[in-house]
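Letter by letter, the chains look like this.
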Amino acid sequence: DVHPLPPLLHNQPHLIAQEVERLLDTFGGRYERVAIGYADCGTYGALDEVCARRGVARLPGLHCYDVYGGADRLARFFEEQPGTYVFTDFLVRGFQRTVIRELGLDRYPELREDYFKSYTRVVWLAQEPDAELTALAEQAAARLGLPLTIVPTGNHGLERALAELVGPGLAAGSD
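Residues numbered from 1 in each chain as written. Predicted model: local features only at pLDDT ≥ 70, side-chain atom pairs only at ≥ 80, totals over all residues. Heavy atoms only, no water.

J.: Just to check I follow, could you spell out the pairing of strand β5 (residues 148-152) for this structure?
T.: Look at any regular strand and the pattern is simple: side chains alternate between the two faces of the sheet. Bridge analysis of strand β4 (residues 121-126) against β5 gives five bridges, and the strand direction is parallel. Note that in β5 the partner of Leu125 across the bridge is Val151. (Pairing = 2+ DSSP bridges. Helix = DSSP H or I, 4+ residues; strand = E, 2+ residues; numbered from the N terminus.)

Next up, the structure:
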């Protein structure tokens, strides 16, 4: 079973750990095993504390970017250019809502400079790029006034991380 949490929690990462714990409380012993489909995602260890206390595992990494693109590759991106802003396919698709609307840039476009003045580029970790998504990524990067670098990743990193998280016999496609 998959029990999603609201994706906009990523805009308020300080709420992720408590929301994960709240969700765990709703299970009431229904599951023999639970795995958390979040990396740390900006909780600064708070999610790890919940996982340790509740005896559950989570996806590896500091954020989903590590899962999709690989932690070493992401570290290099940030080392080479600390002002790197990262997109995933989800962020490209929902850019208007998750960034423009949620940050108030639709109402106060002058805030773009305040929010993004330290950024120097956008790297899109493209899981399933197509013409439509590429156009959306280009438009989003242009809206931020930043050059776009496209890095095809596929879903291999996520698939591998999920398989390791759920373990043998529980991965998709196994009996």
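There is more to say, and it comes next.
J.: What's the story with the sheet that holds β4 in this structure? I'm lost.
T.: Remark on secondary structure: sheet strands pair via backbone hydrogen bonds, oriented parallel or antiparallel. On the basis of which strands lie adjacent, the open sheet formed by three strands has the order β3-β4-β5 and parallel pairing. Of all strands in the sheet, those with a lone pairing partner are β3 (84-87) and β5, marking the two edges. This sheet shows a mean twist of 25° between the axes of neighbouring strands, independent of strand direction. This element, helix α4 (residues 71-80), spans β3, β4 and β5 of the sheet and lies at about 170° to β4. (Axes fitted to C-alpha atoms, helices over the stretch in contact; angles between N-to-C directions. Contact = heavy atoms within 4.5 Å.)

J.: Just checking my understanding: could you explain the nonpolar core for this structure?
T.: The tendency in soluble globular proteins is for nonpolar side chains to be buried side by side. Grouped together as the largest cluster of nonpolar side chains are 18 residues, with contacts concentrated most on Tyr85, Phe87, Phe95, Val99, Val122, Trp124 and Leu144. When residues of this core are traced back to their parent elements, those giving at least two are β3, α5 (89-93), α6 (95-101), β4 and α8 (131-144). The dominant element in this core, judged by the number of residues it contributes, is α8, at five residues. (Core = buried A, V, L, I, M, F, W, Y, C linked by side-chain atoms within 4.5 Å. Buried < 20%, exposed > 50% of the residue type's maximum accessible area, 1.4 Å probe, protein only.)

J.: How do you make sense of the state of the cysteines when you look at a structure like this?
T.: Simply put, disulfide is the name for a covalent bond between the sulfur atoms of two cysteines. Scanning the model with the defined rule gives zero disulfides in all. Distance from the sulfur of Cys41, which forms no disulfide, to the nearest cysteine sulfur (Cys64) is 5.8 Å. Exposure remark for Cys41: the relative accessible area of 9% places this residue in the buried category. Distance from the sulfur of Cys51, which forms no disulfide, to the nearest cysteine sulfur (Cys41) is 11 Å. (Disulfide = S-S within 2.5 Å.)

J.: I'm lost on the environment of Val86 in this one. Help?
T.: By the secondary structure assignment, Val86 is in strand β3. C-alpha of Val86 to C-alpha of Leu125: the two residues are 39 residues apart in sequence and 7.2 Å apart in space. Once residues within four sequence positions are removed from consideration, Val86 is found in contact with Tyr65, Leu74, Phe78, Leu91, Val123 and Leu125.

The values are spatial; any link to function lies outside them.
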